[in-house]
Amino acid sequence: MRSTIQAVVVVVIMFAGQASAQWAKHADKSMPRTPDGKPNLSAPAPKGSDGKVDLSGVWLPDADPDGSPQGVEHMVFPKHFVSITADMKPPDVPIQPWARDLLNQRLQNNGKDDPAAHCKPTGTPAVVSVPVPHKIVQTPQLILILYEEGTVFRQIFLDDRQTVQDPEPRWMGYSKGRWEGDTLVVDTTGFNDQSWLDRAGHPHTEALHVIERYRRRDFGHIDIEVTIDDPKAYTKPITYTQKTTLVPEEDLLEYFCSENEKDVQLFK
Amino acid sequence: MKAKVFGYLALGFGLLVAALPAPAHHAFSAEFDEKKPVKLSGTVTKIEWQNPHIWFYIDVKDDSGKTTNWGMEMASPNLLIRNGWTRNTLKLGDMVTVDGFQAKNGSNNGNARVVILAPTGQSLFAGSSSGRSQ
């Protein structure tokens, strides 16, 4: 209970100082509010003009409720950002031997080869759990997710286009979306094998297929169920849920890692 | 087999825990040594308010009067901005006391955990601190 409160406090602290943000505070007139004027995050989820649940907004992955604040950032990392197998006992992790060996090597190496540490992108699906905000912009035929992490985007097409055969392998992959009731289901393929699935260093191959199920359960919360299906690296699909919370009246800032990267030279 | 599973378990758990106190950009343990805590007092000589991490530099005098320049890493500008900082919160010439951890390579660099403005005792990171009032 205490750690849950701590986690909530940390998120509040992270976004407490709005006055000095880059954009002037801008009141969102469409925001449902409680009688005392605060954003009502438990109000019903909004719907777009096409009748679909509207996922638009600025969202932050929830911290690990069992975590504790760390470092100058006072951050508590989402547990699936640290490890996609955080919910599993190690002997139950369905990892292929070569992938386990590579994971162990990356752990022993203190994550020095993590692409993110070298200012390469945090790929799909790790970017879903990275503890900085992302923004969803929804239209009937196209949903954009803009990630502050690395200032990268994903395009989720809801039209009838087909994925090309043998696509150019990419960090974020190629995403197609469809609605199942109020849940947006996103299929993503066409990955390169360079990104890490988490900070621990779980690897994947180009055969990776990621399925995300976005459900906005109320105004202030989207639960994202992530399934990682890569038979070349894992003997069974791995599924976890990343909860995210709306950050009211917040906007994205740019983040270019290559601006002044000087950590790698200090790695040992 | 049992030993192998246990080894994997111990390795995974130990290193995951070690990797936890990390900036979002890289693993803490790749660069800094949690067994080398440092407490430094000095004058701010340079500030790099840039991504992926803010760095500031301080001149630290030892008992013999010798001055050493230390580089200290903080979070990203975006994170500190959302904590109420601005690029002017810390200024050249400010006297600060820094708690942190030294770089593993033994150089005069570290990861700052707490920065206290010496004249006022104000902690720039603690709780809901919104930095220096302008």
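Residues numbered from 1 in each chain as written. Chains lettered and ligands numbered in written order. Predicted model: local features only at pLDDT ≥ 70, side-chain atom pairs only at ≥ 80, totals over all residues.

A. Representation of the overall build of chain A in the model. For chain A, the helix and strand inventory stands at four helices and nine strands. Counting helices and strands in the order they occur from the N terminus, chain A gives α-β-α-α-α-β-β-β-β-β-β-β-β. The proportion of buried residues among the 268 residues of chain A is 39%. Considering only contacts in chain A between residues 6 or more positions apart, those separated by 24 or more positions represent 60%. (Helix = DSSP H or I, 4+ residues; strand = E, 2+ residues; numbered from the N terminus. Buried ≥ 20, exposed ≤ 12 C-beta atoms within 10 Å, placed from the backbone. Contact = placed C-beta atoms within 7 Å.)

B. Here's a closer look at the nonpolar core. Residue and element names in this part refer to chain A. In this structure, Leu55, Trp59, Ala126, Tyr214, Val226 and Ile228 are the most contacted members of the largest nonpolar core, which totals 44 residues. Per-element accounting of this core gives the leading share, four residues, to strand 8 (residues 221-229). Residues in contact with Ala126, not counting those within four places in the same chain, are Phe81, Ser195, Trp196, Leu197 and Asp198. (Core = buried A, V, L, I, M, F, W, Y, C linked by C-beta atoms within 7 Å.)

C. Summary view of the sheet that holds strand 9 (residues 238-246) of chain A. All names here are of chain A. With mixed pairing, the nine strands of this closed barrel are ordered in space as 1-2-3-4-5-6-7-8-9. If you compare each strand with its neighbour and ignore which way they point, the axes differ by 30° on average. The pairing of strand 1 (residues 57-61) with strand 9 spans three bridges and is classified as antiparallel. If you follow Pro61 over to strand 9, its bridge partner there is Thr244. (Pairing = 2+ DSSP bridges. Axes fitted to C-alpha atoms, helices over the stretch in contact; angles between N-to-C directions.)

D. Seen up close, unusual backbone geometry. All names here are of chain A. The amide bond that connects Thr124 to the next residue, Pro125, takes the cis arrangement and shows omega of 5°. Along the chain, Pro125 turns up in the loop between helix 3 (97-108) and helix 4 (126-129). Within the chain, Glu249 stands out as a residue other than glycine whose phi angle is a positive 55°. Mapped onto the secondary structure, Glu249 falls in the segment after strand 9.

E. Structural detail: helix 3 of chain A. All names here are of chain A. Spanning 12 residues, helix 3 covers 16 Å between terminal C-alpha atoms, matching the ideal 16 Å at 1.5 Å per step. All buried positions along helix 3 are accounted for by Ala99, Leu103, Arg106 and Leu107. The buried residues of helix 3 occupy an angular sector of 100° when projected down its axis, which confines them to one face. The outward face of helix 3, more than 90 degrees from its buried face, is lined by the exposed residues Pro97, Trp98, Gln105 and Gln108. (Expected span 1.5 Å × (residues − 1). Arc of directions from axis to C-beta.)

In short, shape yes, function no, at least from these values alone.
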